[in-house]
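# Structural overview for review
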Amino acid sequence: MCSAGPAVRPDPPAGGDVTPFELLSAIEATGEDGERPLAIYVHIPFCASKCHFCDWVTDVPVARLRSGSAARSAYVDALCRQIRSYGPLLTDAGYRPSVMYWGGGTPTRLDPDEMRAIADALYESFDLTALRQWSMETTPNDLTATKVAAMRDLGVTRVSVGVQSFSPAQLRRAGRAHTGADSVRAVGLLREHGIDNFNLDLICGFPGEPAPAFEASLDEALDLDPPHISVYPYRPTPGTIMAMQIDRAAVGAHTAGPMIRIYERAMSMLRTHGYGEYCHGYWVRRPEDEDLDGNFKYDLTGDKIGFGSGAESIIAHHLLWNENSEYSRYLADPLGFSVSHRFDTAHPEHLTAPIGGALMTREGVVRQRFHRLTGLDLDDVRATGYVQRWFALLHDFGGRFVDDGHSLRLDPATIHTAYIGHLAATAGLHIGRA
Ligand SMILES: C[S@@+](CC[C@H](N)C(=O)[O-])C[C@H]1O[C@@H](n2cnc3c(N)ncnc32)[C@H](O)[C@@H]1O
Ligand code: SF4
């Protein structure tokens, strides 16, 4: 799953401790009846090691990230409690999940029994009969035949493999614990077990990596004929080892201009191989191989419930999450969301994920869906200084806005320049625009 476009996660707002009862009141207050689409996200904050670039687990101490079975089991218990408390409540309120995504971290750090315990809680708490896709993230060296068979038997239909690179030198610099051969083996295992719908994640523009080295990695990925490829321009995020190396000038980060050219070369290679970009960074040959969880979020289809420490939810015009840094509190009380905020124009920074995600798509921010999801009028949010400054930056990097009254979008030819330029400009590191 990719991040929410040119969005930055806001600082946690004051308030919090939403309980199931309070959430139910908020749902009732929307006054909407009938079936509501829902995306389920399950967050697993464990990994075999901490990669030097990764901005998903910056606030998780390495020892906890690498937790053994005792710690994992306490976390799985907390997750199951949270799912069993909120699931029936959401089901009674008319929510029907259409997509499910397990991410992290690395969900395949769980052993098959742990996966089964969580899946049982989900099957018992939700009506999953209309589920269209269940994706799970993995690292190549985590997959075993037993795990893949267990995932398939539980109902997983799509797997996203974090390949990142095929270059041995780059994998080492990135702090990855696997080789390119492990990625090839992982794809073989998925196919052997009938999981034909899978994605390969690649990162382009790692600091210090010459453009031809990335192109060689993309070539190796294309040789595997994956149904879906995600190409993420490297995000230099403070708090990661790689960002520290950039700040110490130990490695040179690509500035926005070269990064855009590296991405454009990837676009050309992918198109030559028959892939089309349906959302910034997401490439498929056939529409049926798209990431339906990504589409659900970026198309502003409906609410999402995120289970786990570090997961984010949007329910009944509220943004809710549990901070990774509050892991111990989550274990003790998985029913309370530590941070909650009702969307309003006084805090437009809480809307960067829905707006930034939708701007990565060709359809853009559809006004009526934005209103249903957030309870706000897009034009009121757009008039705030925060969003004006943000959009001015996207415009500075070539983003051309198109507004036909139905939706506000970026001209598709300019999405990547706006997105990559914004990344470089807001990284908080000394990366230039040139
Ligand atoms: C939450 S991570 C999970 C992947 C899985 N644990 C793995 O390592 O293979 C999802 C993806 O985010 C991407 N990612 C993480 N940090 C990034 C960064 N700083 N810049 C660009 N992409 C990043 C990686 O491609 C990664 O596979
Ligand atoms: S890239 Fe994946 S394995 Fe590496 S630290 Fe991030 S979530 Fe963990």
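As the structure is a computational prediction, the values presented were derived from the model and not from experiment. (Residues numbered from 1 in each chain as written. Chains lettered and ligands numbered in written order. Predicted model: local features only at pLDDT ≥ 70, side-chain atom pairs only at ≥ 80, totals over all residues.)

Following the UniProt record, one finds the feature "domain: Radical SAM core" (unreviewed entry) at residues 32–273. As a span, residues 32–273 carries 45% helix and 19% strand, and end to end its C-alpha atoms are 45 Å apart. (UniProt positions renumbered as here; feature names shortened; annotations may be inferred. Helix = DSSP H or I, 4+ residues; strand = E, 2+ residues; numbered from the N terminus.)

This brings us to the pairing of strand E9 (residues 303–307). Burial analysis of E9 places 5 of its 5 residues in the buried class, the great majority of the element. With burial as the criterion, each face of E9 is covered, one bearing Asp303, Ile305 and Phe307 and the other bearing Lys304 and Gly306. Bridging between strand E1 (residues 36–44) and E9 involves 5 bridges; their strand directions are parallel. Paired with alanine 39 across the bridge in E9 is lysine 304. (Buried ≥ 20, exposed ≤ 12 C-beta atoms within 10 Å, placed from the backbone. Pairing = 2+ DSSP bridges.)

For ligand 1, the set of nearby residues contains 18 residues, the closest of which are Thr139, Gly162, Asp201, Tyr232 and Arg235. Where the shell around ligand 1 is concerned, the elements lending two or more residues are strand E2 (95–104), strand E4 (158–164) and strand E5 (198–204). When its residues are assigned to classes, the shell around ligand 1 shows 7 nonpolar, 7 polar and 4 charged. (Near = placed C-beta within 6 Å. Nonpolar A, V, L, I, M, F, W, Y, C, P; charged D, E, K, R; others polar.)

Before going further, it helps to examine the sheet that holds strand E13 (residues 365–366). Read from one edge of the open sheet, 3 strands run E13-E15-E14, paired in antiparallel fashion. The sheet is open, and its two borders are formed by E13 and strand E14 (401–403), each paired with just one other strand. As paired strands, E13 and strand E15 (residues 407–410) are joined by 2 bridges and run antiparallel to one another. When the sheet's bridge partners are listed, valine 366 is paired in E15 with serine 407.

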